[in-house]
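Analysis of the macromolecular model
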Amino acid sequence: MNIDLEGIRIPESKLAREIMELVRDTEPPLLFHHSSRVYYWGALAGKRRGLRFDPELLYAGAMFHDMGLTDQYSSAAERFEVDGANAACDFLRSHGIAQHDVETVWTAIALHTTPGIPQHMHAVVALVTAGVEMDVLGLSYAEYSDAEREEVVYAHPRTAHFKEDIIQAFYDGIKHKPETTFGNVKADVLVDKDPHFTRGNFCSVIRGSARRG
């Protein structure tokens, strides 16, 4: 369902339609609706902040950002964020999108779980993360009006237990490659779900290296 929030809507283009169809056919409804909400939260944040951005690129970043959690796009050893970024990159290149725009979307997806950096980068990079942080973490929740929140969730519903459902989806998508969570927030998911998981330690890596001194 496409809604119009003060001019914010999913782009009505062939590219956006094909992105929507691919993601809808690949991801479970939980992730598809989450990704759709991320687009609206990000676009609304961009409008509120007075940022100029390409809606198609933001839509691509939002919709592909969790594709790395799916069996079809999950690699054996890359971070799931990189898997999603690579999937978006391949898709956009196959549709003739300019390389600098492809790189912007790749970066937006690859960095969406790396707090403190995206907000200082290109608007699309910043807004994909802003949308994710709103939908998953509730950051900046109060900056959205009741009407905005209600309309977006009506169009793309949250499950009754979304908080636990999304944590489980993260776990299911990364549990086969726990080493990829070193140094990022997804290590917290494995700590929460797997009593046998041992978090990597940066200081231990330094002390255990082959370097002298």
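Each remark here, short or long, concerns the structure printed above.
Residues numbered from 1 in each chain as written. Predicted model: local features only at pLDDT ≥ 70, side-chain atom pairs only at ≥ 80, totals over all residues. Heavy atoms only, no water.

Here we take up the side chain of T70. Along the chain, T70 turns up in the loop between α3 (55-64) and α4 (80-94). Classification of T70 as buried rests on a relative accessible area of 7%. Among residues more than four places away in sequence, those in contact with T70 are T26 and E27. (Helix = DSSP H or I, 4+ residues; strand = E, 2+ residues; numbered from the N terminus. Buried < 20%, exposed > 50% of the residue type's maximum accessible area, 1.4 Å probe, protein only. Contact = heavy atoms within 4.5 Å.)

In this structure the tally under the stated criterion is four aromatic pairs. Ring geometry for Y39 versus Y40: centroids 5.6 Å apart, planes at 65°, classification edge-to-face. An angle of 45° between the planes, with centres 5.5 Å apart, marks the rings of F64 and F91 as tilted. In this pair, F64 sits in helix α3 while F91 sits in helix α4, placing the two residues 27 residues apart along the sequence. An identical accessibility class is assigned to F64 and F91; each is buried. Three or more aromatic residues link up through ring pairs in this structure, and these residues are Y39, Y40 and Y59. (Phe/Tyr/Trp six-rings, centres within 6.5 Å; stacked < 30°, edge-to-face > 60°.)

Orientation of α4 relative to helix α5 (residues 99-110), taken along the N-to-C sense of each, is 160°, at an axis distance of 8 Å. Judged on the interaxial angle alone, α5 and α4 are roughly antiparallel. The two elements α4 and α5 cross, and the hand of that crossing is right-handed. Only Q99, V102, V105, W106, I109 and A110 of α5 make contact with α4, whose side of the interface consists of E81, V82, G84, A85, N86, A88, C89, L92 and R93. When the residues that make up the contact of α4 with α5 are grouped by side-chain class, the tally is ten nonpolar, three polar and two charged. (Axes fitted to C-alpha atoms, helices over the stretch in contact; angles between N-to-C directions. Parallel < 35°, antiparallel > 145°, perpendicular 65-115°, else oblique. Left-handed = near helix turned anticlockwise from the far one by under 90°. Nonpolar A, V, L, I, M, F, W, Y, C, P; charged D, E, K, R; others polar.)

It is worth spelling out unusual backbone geometry at this point. Glycine aside, residues mostly have negative phi, and peptide bonds are mostly found in the trans state. Its identity as a non-glycine residue notwithstanding, S140 has a phi of 60°, on the positive side. Note that S140 resides in the loop between α6 (123-137) and α7 (146-155).

Before going further, it helps to spend a moment on the environment of P118. In this fold, P118 is placed in the loop between α5 and α6. Owing to a relative accessible area of 0%, P118 belongs among the buried residues under this scheme. When the C-alpha positions of P118 and R48 are compared, they lie 17 Å apart, and in sequence the two are 70 residues distant.

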